[in-house]
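The primary structure of each chain is shown beneath.
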Amino acid sequence: MMTERDDATDGEVLSSHSEAHTPAVGDVVLPETPCRMPIHNRPFFPGQVQPVAINPEQWASTLEAVGKAGHGLIGLSFVKQADPAGVDLRQFPEMGCVVRLHRSPLAEQRGQFLAQGVKRFRIVRWLSDKPPYRVQVEYPRSQGDRESDEIKAYTMALIKEIKELLPLNPLYSEELKQYLANFSPNPPSLLADFSAALTTASGDQLQEILDTLPLVSRMEKVLTLLRKEREVAELQGQITSQVNEKVSTQQREFFLREQMKIIQKELGISKDDRTTDVEMFEERIRDLTLPAAAERRIEE
């Protein structure tokens, strides 16, 4: 059974005067009927900060609606279809993530905005079946006692895998490494979501993580993804090392051959045996009249 403390993961603080359908995360009051936008690469997670590319013309009405709402929050949902504009409502998953927009693509005409994941949501019902999509949502909480020994063990395991993965993957920037160095493992729900966002897992695998509310189950799935990510990174490192070693050996042999040619030339023995044989036969046939077929054959 979850206590009030156990249930309040993801770092949310419920305002004492707020309604049940409008919880707050920190000082952010979450909308009960946010606009919703599909993204096709991979789902977004709470705690994740990343640019999201869109077509400003297709989603101008949605961004305008978000701007009028004044809270700067929008729900992002993962869909497999490459062109999110033509997505069917049945393709939208039940679970998504509300994000805060930090830069308006409509204002800058760059076709992207910077999004910060705030909280996962679940659809209650659709209010609009065309852009701007609007839905009534609820904000489910992670399930489990975050103070339990099991969750603490998974937390330590996740942090260990991330630390081992960082030096293996050159794509992780120094800024990310510094951020992780100061990253707090509490609440563990946010750590699990952030860890999943670091991987290159498929959209379906990541959506499964987003759908999983029981904290132990989610952390177990994320740990599996991180270990697979580390194994792939280690294999890539071994392959790269082998290729570099082969290239280095070939380069060394090339330089040695070039040095040998220079030494032979200095000593007057720069011609090898094959070159000497060719010159000898050319000398023997120089004054002979040969049939065209024989001459071609000799030349070959």
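We now turn to the structure provided with this report. Each residue is numbered by its place in its chain's sequence as written, counting from 1. A pLDDT threshold of at least 70 governs which residues receive local features in this predicted model, and a stricter bar of 80 or more applies before side-chain atom pairs are shown or counted, although totals over entire chains, interfaces and linings include all residues. Computation of side-chain values covers all heavy atoms of the structure but excludes hydrogens and water.

**What to know about the overall build of the chain**
Argument step 1. In terms of helices and strands, the chain carries ten helices and eight strands.
Argument step 2. Within the chain, buried positions represent 38% of all 300 residues. Secondary structure elements follow DSSP: runs of H or I no shorter than four residues count as helices, runs of E no shorter than two count as strands, and numbering proceeds from the N terminus. The rule is simple: take the accessible area with a 1.4 Å probe, protein chains only, and divide by the maximum for that residue type; under 20% is buried, over 50% is exposed, in between is partly exposed.

**Regarding helix 8 (residues 215-267)**
At 3.6 residues per turn, the α-helix brings residues three or four places apart onto the same side.
Argument step 1. Helix span is expected to be 1.5 Å times the residue number reduced by one. Compared with an ideal rise of 1.5 Å per residue, which puts 53 residues at 78 Å, helix 8 spans 77 Å between its outermost C-alpha atoms and is within 8% of the ideal.
Argument step 2. Taken residue by residue, helix 8 has Leu-215, Arg-218, Met-219, Val-222, Leu-223, Leu-225, Leu-226, Glu-229, Arg-230 and Ala-233 as its buried positions.
Argument step 3. Contacts between residues were defined by any pair of non-hydrogen atoms, one from each residue, lying within 4.5 Å. Looking at the buried positions of helix 8, the neighbouring elements they touch are strand 7 (112-128), helix 4 (149-165), helix 6 (188-198) and helix 7 (203-211).

**Side note on the pattern of salt bridges**
Argument step 1. Here, a salt bridge means any side-chain nitrogen of Lys or Arg that lies within 4 Å of a carboxyl oxygen of Asp or Glu. Inspection of the entire model under this criterion finds twelve salt bridges.
Argument step 2. The residue Lys-160 makes a salt bridge to Glu-164 at a minimum N-O spacing of 2.7 Å. Of this pair, Lys-160 and Glu-164 both sit in helix 4, separated by four residues, roughly a single helical turn.
Argument step 3. A residue is classified by how much of its surface remains accessible, and Glu-164, at 30% relative accessible area, is partly exposed.
Argument step 4. Put simply, Arg-227 and Glu-161 hold a salt bridge, and the shortest N to O gap is 3.5 Å. Within this pair, whereas Arg-227 is found in helix 8, its partner Glu-161 is found in helix 4, the two being separated by 66 residues in sequence.
Argument step 5. Glu-161 sits in the buried class, given a relative accessible area of 4%.
Argument step 6. Each of Lys-160, Glu-161, Glu-164, Arg-227, Arg-230 and Glu-234 takes part in salt bridges that share partners, so that together they form one network.

**Examining the pairing of strand 3 (residues 35-39)**
Argument step 1. The buried fraction of strand 3 is high, at five of five residues.
Argument step 2. DSSP bridges decide pairing: two strands pair if at least two such bridges lie between them. In this sheet, strand 5 (residues 73-78) lies alongside strand 3 in parallel orientation, the contact comprising four bridges. The residue of strand 5 that forms the bridge with Ile-39 is Phe-78.

**Looking at the side chain of Gln-136**
Argument step 1. Looking at the secondary structure, you find Gln-136 in strand 8 (residues 133-138).
Argument step 2. Side chain to side chain, Gln-136 and Glu-32 meet in a polar contact 3.5 Å long.
Argument step 3. In this structure the side chain of Gln-136 is engaged in a polar contact, spanning 2.7 Å, whose partner is the side chain of Arg-125.
Argument step 4. Residues in contact with Gln-136, not counting those within four places in the same chain, are Glu-32, Thr-33, Arg-122, Ile-123, Val-124, Arg-125 and Leu-127. Under the rule applied, a polar contact is a pair of N or O atoms within 3.5 Å (in protein, one hydrogen donor and one hydrogen acceptor; residues adjacent in sequence only if both atoms are side-chain atoms).

**Concerning helix 7**
Argument step 1. Where helix 7 is concerned, the buried positions are Gly-203, Leu-206, Gln-207, Ile-209 and Leu-210. Viewed end-on, helix 7 has its buried residues packed into an arc of 155 degrees, placing them on one side of the element.
Argument step 2. Packed against the buried residues of helix 7 are strand 5, strand 6 (95-101), strand 7, helix 6 and helix 8. Here, the arc refers to the directions that run from the helix axis to the C-beta atoms.

**Regarding the nonpolar core**
Argument step 1. The term nonpolar core refers to a set of buried residues drawn from Ala, Val, Leu, Ile, Met, Phe, Trp, Tyr and Cys, joined through side-chain atoms within 4.5 Å. If you look at the biggest cluster of nonpolar residues, it comprises 27 residues, and the most contacted ones within it are Phe-45, Leu-158 and Met-219.
Argument step 2. The set of elements that each furnish at least two residues to this core consists of helix 4, helix 6, helix 7 and helix 8.
Argument step 3. Here this core takes seven residues from helix 8, the largest share from any one element.
Argument step 4. Once residues within four sequence positions are removed from consideration, Leu-158 is found in contact with Leu-191, Ala-192, Ser-195, Met-219, Val-222, Leu-223 and Leu-226.

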